[in-house]
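Residues per chain, in single letters:
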Amino acid sequence: GKLRKTFRWMWRLTYLSVFGLAGYTVYLIYDDRHPEPQYEADPSKKTLVILGTGWGSVALLKKLDTENYNVVVVSPRNYFLFTPLLPSCTTGTIEHRSIMEPVRAILRHKKAAVKYYEAEASTIDPDRKVVKIVDNSEVKGAISETEIPYDMLVIGVGAENATFGIPGVREHSCFLKEIGDAQRIRKKIMDCVETAAFKDQSSDEIDRLMHMVVVGGGPTGVEFAGELQDFFEEDIKKLVPEISPRFKVTLIEALPNVLPSFSKQLIDYTENTLREEKIDIKTKTMVKKVTNNTVEAEISRPDGSKERVVIPYGLLVWATGNAVRPIVKDLMARIPAQKDSRRGLAVNEYLVVQGTRDIWAIGDCAVAGYAPTAQVASQEGSFLGRLFNNMAKTEAHESRIQELSSKMNLQAGNAAEAAEEIEKLEKQLRRVKDIKPFRYSHQGSLAYIGSEKAVADVSWWNGNLATGGRMTYLFWRSAYLSMCFSTRNRVLVIVDWLKSKAFGRDVSRE
Ligand code: FAD
Ligand code: NAI
């Protein structure tokens, strides 16, 4: 009897929470589709120009009270991209549109209107306080280049792919940074498989075409290699069995181990798991040259000798980290205080670009002493949002104090009332003005390593917790799901996960 009662209650609770969750999701979707009316920006306010629609800039926009400024956003990409799930798009575990959020939809939810221009900022002139912008998209109007004057400028343009000037990389390899890159890889994997299965293909050629080489053992390279091996094990093997024994993934890393930023224990766990998955890990191997079908690398042997090897490949994915974008390099060259900075714009503790006034930098293009991650970029963006909201409040308080003081001098009768208000405002002003410098709070690092396993280095109380395995994989999934930009993204990602699990990944090459 008692057990049955408990069971009945548990059943009711489950029922209620499922309905509750469904109801809440419907409400969120409705809310998304029906934003409140928006009012026009006030032209008398300062113009705040934001470059980029990535992690840093979007976090800033989310926090910013747009009614305080004339906000203008410039980016060649009219959407925000949730990069942590980008490796899953290369194999079709997730469809690319599920991790994109249109910037127009983001801006429509702000109280005051924000202008958006789909363009690339090509130069910044800090003396004239203008940004030159260029429309590099396929469709161009009569005007495709112009200038935007700014009072305040935030640079959040991210970084580009590092190639270290290694010959052949740009011409022959795929990168993994943007949606287009993931689509290109997805297409190329299937092209390699279908070409390997072509009638009378020679054995050497099948081996080459089925060899997928990943250069760079950072989180991007490791996650991609894991996704690729999953795709092969779960789908390609079943659909193209005749050539499947020839499929091989090689991960090349110049340093002695992969995932250098993770703890030792997780590095070992990752390397062992990748080996179990039959991924060939070549550490202490530096790629020196790339041709259209081979990679030439130098292996450092334990005795100090070096050996040159030539590795044939069908698909080559290059993931060796970040390089500075030309617009950032150009600005750095104009500012004497930036002459010693190599990896991006050196900023102070309030994220102001050193040697400039009214220019801030966030994310991968800024050097603030932190790793170039989404976590850092979004915390920096949120910090600037709060800073700008405070600055606007400070200015409003100061001008009101000035107004009241001049009134006090003119009309002695209201002096007591005005003095009281001034005192109140000054108190508030002190609180608002007391803005602490930016401090990054590290929540931990997560990476997917294939075969439904993930590794996590997370902050736990005052220490660090390093875990790896299937439970960590569930944690990885729920953490990334909760971090998705919108309810729409979240629902689409869940549907994609279920779809690829139930029906397998779609191997059509479009
Ligand atoms: P981005 O997000 O790159 O955005 C830059 C924006 O600037 C883009 O909108 C771009 O179009 C725009 N832009 C470029 N040039 C110009 C120009 N000239 N003018 C105007 N706009 C311009 N980090 C994590 O913390 N966790 C993860 O799990 C994780 N996974 C990742 C997976 C992959 C595959 C990759 C590539 C990166 C991953 N990262 C992760 C790193 C993270 O994506 C970056 O650190 C983060 O995107 C940096 O944010 P950002 O705003 O500086 O730049
Ligand atoms: P990375 O800079 O972390 O790693 C690049 C790797 O390539 C390095 O280990 C380097 O030694 C190696 N390399 C460089 N040149 C080479 C050569 N010629 N031959 C062989 N190996 C070479 O780059 P990645 O993975 O693209 O990450 C960029 C940033 O984004 C990092 O800050 C990373 O933490 C972050 N990120 C985080 C993720 C996560 O938390 N899950 C996922 C992806 C990226």
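Here the structure is a predicted model, which means the values were calculated and not measured. Residue indices follow the written sequence of each chain, beginning from 1 at its first position. Labels are handed out in written order, letters beginning with A for the chains and numbers beginning with 1 for the ligands. Totals for whole chains, interfaces and linings use every residue, but because this is a predicted model, local features are given only for residues with pLDDT of at least 70 and side-chain atom pairs only at 80 or more, for both listing and counting. No hydrogens and no water enter the side-chain calculation; it runs on all heavy atoms of the structure.

Turning our attention to the site of ligand 2. Taken together, 24 residues lie around ligand 2, and T220, E253, A254, V287 and L446 are the ones closest in. We define a polar contact as two N or O atoms separated by no more than 3.5 Å, with the added condition that, inside protein, one atom must be a possible hydrogen donor and the other a possible acceptor, whereas residues neighbouring each other in sequence contribute only through side-chain atom pairs. Separating an oxygen atom of ligand 2 from a backbone N or O atom of P372 is a distance of 3.1 Å. Note that a nitrogen atom of ligand 2 is positioned 2.6 Å from one of the backbone N or O atoms of L446. For ligand 2, the accessible surface in isolation is 830 Å², of which the surrounding protein chains cover 77%. Within the residue set of the shell around ligand 2, elements represented by two or more residues are α8 (219-239) and β14 (285-290). Residue classes follow a fixed rule: Ala, Val, Leu, Ile, Met, Phe, Trp, Tyr, Cys and Pro count as nonpolar, while Asp, Glu, Lys and Arg count as charged, and any other residue, Gly among them, counts as polar. Here the residues of the shell around ligand 2 are counted per class, giving 14 nonpolar, eight polar and two charged. Residues are classed as near a molecule or strand on a simple rule: at least one heavy atom within 4 Å of it. All accessibility values rest on the Shrake-Rupley procedure with a 1.4 Å probe; residue burial counts only the protein chains present in the view. Secondary structure counts use DSSP, requiring at least four H or I residues in a row for a helix and at least two E residues in a row for a strand, with both numbered from the N terminus.

What follows covers the site of ligand 1. Taken together, 30 residues surround ligand 1, and among them G56, T83, A121, D364 and Y480 come closest. Y480 is positioned such that a nitrogen or oxygen atom in its side chain is 2.7 Å from an oxygen atom of ligand 1. Bound to the protein, ligand 1 loses 89% of the 990 Å² it would expose on its own. Ranked by residue count, the leading element in the shell around ligand 1 is helix α11 (residues 374-410), at three residues.

Salt-bridge detection follows one rule: a side-chain nitrogen of Lys or Arg within 4 Å of a carboxyl oxygen of Asp or Glu. Tallied over the entire structure, the rule returns 30 salt bridges. Here R488 makes a salt bridge to E101, at a shortest N to O gap of 2.9 Å. Separated by 387 residues along the polypeptide, R488 in helix α14 (residues 487-503) and E101 in strand β4 (residues 100-102) bring together distant segments of the chain. Owing to a relative accessible area of 35%, R488 belongs among the partly exposed residues under this scheme. Residue classification places E101 among the buried residues on the basis of a relative accessible area of 6%. We note a salt bridge from E452 to R470, for which the minimum N-O separation is 3.8 Å. Residue exposure (1.4 Å probe, protein chains only): buried if accessible area is under 20% of the type maximum, exposed if over 50%, otherwise partly exposed.

A pair of sulfur atoms, both from cysteines and within 2.5 Å, is called a disulfide here. A full pass over the atoms with the stated rule returns zero disulfides. Cysteine C89 remains unbridged, with the sulfur of C484 as its closest cysteine sulfur at 11 Å. Judged by its relative accessible area of 4%, C89 falls in the buried class. Left unpaired, C174 is separated from the closest cysteine sulfur, that of C192, by 8.8 Å.

Turning next to the confidence of the model for the protein. Each residue carries a pLDDT value, the predictor's own confidence for that position, ranging from 0 to 100. The share of residues in the protein with pLDDT of 70 or more is 99%, and the mean pLDDT across the chain is 94. In the predicted assembly, ipTM is 0.99 and pTM is 0.94.

Closest axis-to-axis distance for the helix α13 (residues 470-483)/α14 pair is 9 Å, and the angle between their directions is 145°. Here α13 and α14 pass one another in a crossing that is right-handed. Along its contact with α13, which presents W476, R477, L481 and S482, the element α14 presents R490, V493, I494 and W497. For the contact of α13 with α14, the residue count by class is five nonpolar, one polar and two charged. A fitted line through C-alpha atoms serves as each axis, taken over the contacting stretch for helices, and the angle formed by two N-to-C directions is quoted from 0 to 180°. The handedness criterion is simple: a crossing whose near helix is rotated anticlockwise from the far helix by less than a right angle is left-handed, and one whose near helix is rotated clockwise is right-handed. Contacts are assigned to residue pairs with any non-hydrogen atoms lying within 4.5 Å of each other.

We now examine unusual backbone geometry. Peptide bonds are mostly trans, and most non-glycine residues show a negative phi. The backbone of D358 sits at a positive phi, close to 65°, despite the residue not being glycine. By the secondary structure assignment, D358 is in the loop between β19 (345-346) and β20 (359-361). The phi torsion at E452 lies on the positive side, around 55°, for a residue other than glycine. Tracing the chain through its elements places E452 in the loop between β22 (444-450) and β23 (453-460).

Where two aromatic rings form a pair, the distance of their centres and the angle of their planes describe that pair. Centres within 6.5 Å are what make two rings of Phe, Tyr or Trp a pair, Trp counting through its six-membered ring; a difference in plane orientation under 30 degrees is then read as stacked, over 60 as edge-to-face, and the rest as tilted. One pass over the full model with this rule turns up 18 aromatic pairs. Measuring from centroid to centroid gives 6.0 Å for Y473 and W476, while their planes differ by 15°, and the two rings are stacked. Taken together, the residues Y473 and W476, both in helix α13 and three residues apart, mark about one turn of the helix. Relative accessible area serves as the criterion here: at 8%, Y473 is assigned to the buried category. For W476, a relative accessible area of 3% puts it in the buried group. By the ring-pair criterion, three or more aromatic residues cluster together here, those being W55, F80, F82, Y448, Y473, W476, Y480 and F485. Note on geometry: a ring has a charge over it if NZ (lysine) or CZ (arginine) is within 6 Å of the ring centre and within 35 degrees of the ring normal. Its end group placed over the ring of W9, R12 keeps NZ or CZ at 5.1 Å from the ring centre. Just above the ring of W497 sits the side chain of R477; from NZ or CZ to the centre is 4.1 Å.

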